[in-house]
Amino acid sequence: TTNLIRQKWLNNYFYGFNLMGNYKTLRSTISFGSGWNHYDGDHYGKIVWAQVARLGDYNRNWYFNTGLKTEYNIFAKWDYRINEHLSLMADLQYRSINYQIKGTHDNLRDLTQKHNFNFFNPKAGISYAINPQNNFYFSFGVSHREPSRSIYRDADPNQNIRSERLMDYELGYKIVRTKLSVNANLYFMDYKDQFVLTGKINNVGAPIMTNVPKSYRAGIEISSAWQIAKKLVWNANVS
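The structure displayed is predicted, hence computed values, not measured ones. (Residues numbered from 1 in each chain as written. Predicted model: local features only at pLDDT ≥ 70, side-chain atom pairs only at ≥ 80, totals over all residues. Heavy atoms only, no water.)

The next subject is the overall build of the protein. If you tally the helices and strands in the protein, you get one helix and 10 strands. Secondary structure elements of the protein occur, N-terminal to C-terminal, as β-β-β-β-β-β-α-β-β-β-β. With the principal axes as the frame, the protein shows a C-alpha extent of 80 × 40 × 40 Å. Counting only residues that meet the buried cut, the protein has 27% of its 239 residues in that class. (Helix = DSSP H or I, 4+ residues; strand = E, 2+ residues; numbered from the N terminus. Buried < 20%, exposed > 50% of the residue type's maximum accessible area, 1.4 Å probe, protein only.)

What follows is the structure, encoded as structure tokens:
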């Protein structure tokens, strides 16, 4: 047992590419593309000073682990105007993620693990314009989120960490006048295994998160803009 000074370090590399294309006709727009990226991160700590130390204990790693994350995705989005009143939208995305952690944590616990995720994220919507000043819309979408490295790192040894799924429903109305516009949106977000804060923190003060099997968020959002004068606009929102 001795007084000592230790430092935690990161050495990160991130690279990738994205490709995208568009195709337009008189009534529709199609966007499509793909992407690939790779994250390579070293996480390690050094003992830089100790009041009592053995020969060779200075400036060495007391822990070291690596995080490797490779992701690719493909997507396609379609907007189609049926007539002057009715429009449709569809959005499809596929994501594949490979995540690997190797090495020990600062408490010398072995963090070595490997995870693979395959997500399909669809979204669809419909918009109806009563006239140029009044518009209704409805959308439904599914999205997924993978656990971050910190969630795996701070989890209990036998804890089963799962990915998060969100099913989002939205219904809105927009009114536009010469000097006033108002947009109201109702939403219901239905979660499975949502990541939430536990109220605990880890040994460097970062918040700890975990899965909750079933949860939801629901509410209404209203935003507005009023052109008071030629050079003055007043914006307001409430939720």
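Glancing now at the packing of aromatic side chains. Under the criterion given, the structure shown has 13 aromatic pairs. Residues Trp 62 and Tyr 63 carry aromatic rings whose centres are separated by 4.9 Å and whose planes lie at 75° to one another, so their mutual orientation is edge-to-face. Relative accessible area serves as the criterion here: at 14%, Trp 62 is assigned to the buried category. By relative accessible area, Tyr 63 is classed as buried at 6%. Centroid distance Tyr 72 to Tyr 94: 6.2 Å. Interplanar angle 55°. Geometry classified as tilted. Taken together, the residues span a long stretch of sequence, with Tyr 72 in strand S3 (residues 60-81) and Tyr 94 in strand S4 (residues 86-103) at a distance of 22 residues. Residue Tyr 94 is classed as partly exposed on the basis of its relative accessible area of 27%. Three or more aromatic residues link up through ring pairs in this structure, and these residues are Phe 140, Tyr 169, Phe 188 and Tyr 216. When the ring centre of Tyr 99 is taken as origin, the NZ or CZ atom of Lys 69, which lies over that ring, is 6.0 Å away. (Phe/Tyr/Trp six-rings, centres within 6.5 Å; stacked < 30°, edge-to-face > 60°. Lys NZ or Arg CZ within 6 Å of the ring centre and 35° of its normal.)

The next subject is the pattern of salt bridges. Throughout the structure, instances matching the rule amount to eight salt bridges. The salt bridge involving Asp 106 is made with Lys 8; its shortest N-O contact spans 2.4 Å. Remark: Lys 8 occurs in strand S1 (residues 4-24) and Asp 106 occurs in the loop between S4 and strand S5 (113-131); sequence separation between them is 98 residues. The buried category is assigned to Asp 106, whose relative accessible area is 9%. According to the relative accessible area criterion, Lys 8 is partly exposed, its value standing at 40%. Note that Asp 154 and Arg 153 form a salt bridge whose closest N and O atoms lie 3.1 Å from each other. As far as burial versus exposure is concerned, Asp 154 and Arg 153 are alike and both buried. Beyond isolated ion pairs, a larger network of salt bridges with shared partners links Lys 69, Glu 71, Arg 95 and Glu 146. (Salt bridge = Lys/Arg side-chain N within 4 Å of Asp/Glu carboxyl O.)

Strand order in this open sheet of 10 strands is S1-S2-S3-S4-S5-S6-S7-S8-S9-S10, and the pairing throughout is antiparallel. Edge strands, defined here as strands with exactly one partner in the open sheet, are S1 and strand S10 (232-238). When strand polarity is set aside, the average angle formed by the axes of neighbouring strands in this sheet is 15°. (Pairing = 2+ DSSP bridges. Axes fitted to C-alpha atoms, helices over the stretch in contact; angles between N-to-C directions.)

This paragraph deals with the environment of Ile 220. One can find Ile 220 in strand S9 (residues 207-229). Looking at Ile 220, the relative accessible area reads 38%, which means it is partly exposed. For the pair formed by Ile 220 and Phe 188, sequence separation is 32 residues and the distance between their alpha carbons is 9.1 Å. Ignoring sequence-local partners within four residues, the contact set of Ile 220 consists of Asn 185, Leu 186, Tyr 187, Val 238 and Ser 239. (Contact = heavy atoms within 4.5 Å.)

Two faces, one strand: in a regular strand the side chains alternate between the faces of the sheet. Of the strand pairs in this sheet, S1 and strand S2 (residues 28-50) are connected by 21 bridges, and their pairing is antiparallel. For Gly 21, the partnering residue across the bridge sits in S2 and is Phe 32. Here S1 hands over to S2 after three residues, the two strands then running antiparallel side by side. In the sheet, S2 pairs with S3 via 20 bridges, with the strands oriented antiparallel.

So, about unusual backbone geometry. Here Leu 108, not a glycine, exhibits a phi torsion of approximately 70°, which is positive. Of the residues examined, Leu 108 reaches a relative accessible area of 56% and is grouped as exposed. In the Ramachandran plot, Asp 193 falls in the positive-phi region, its phi being about 60° despite a non-glycine side chain.

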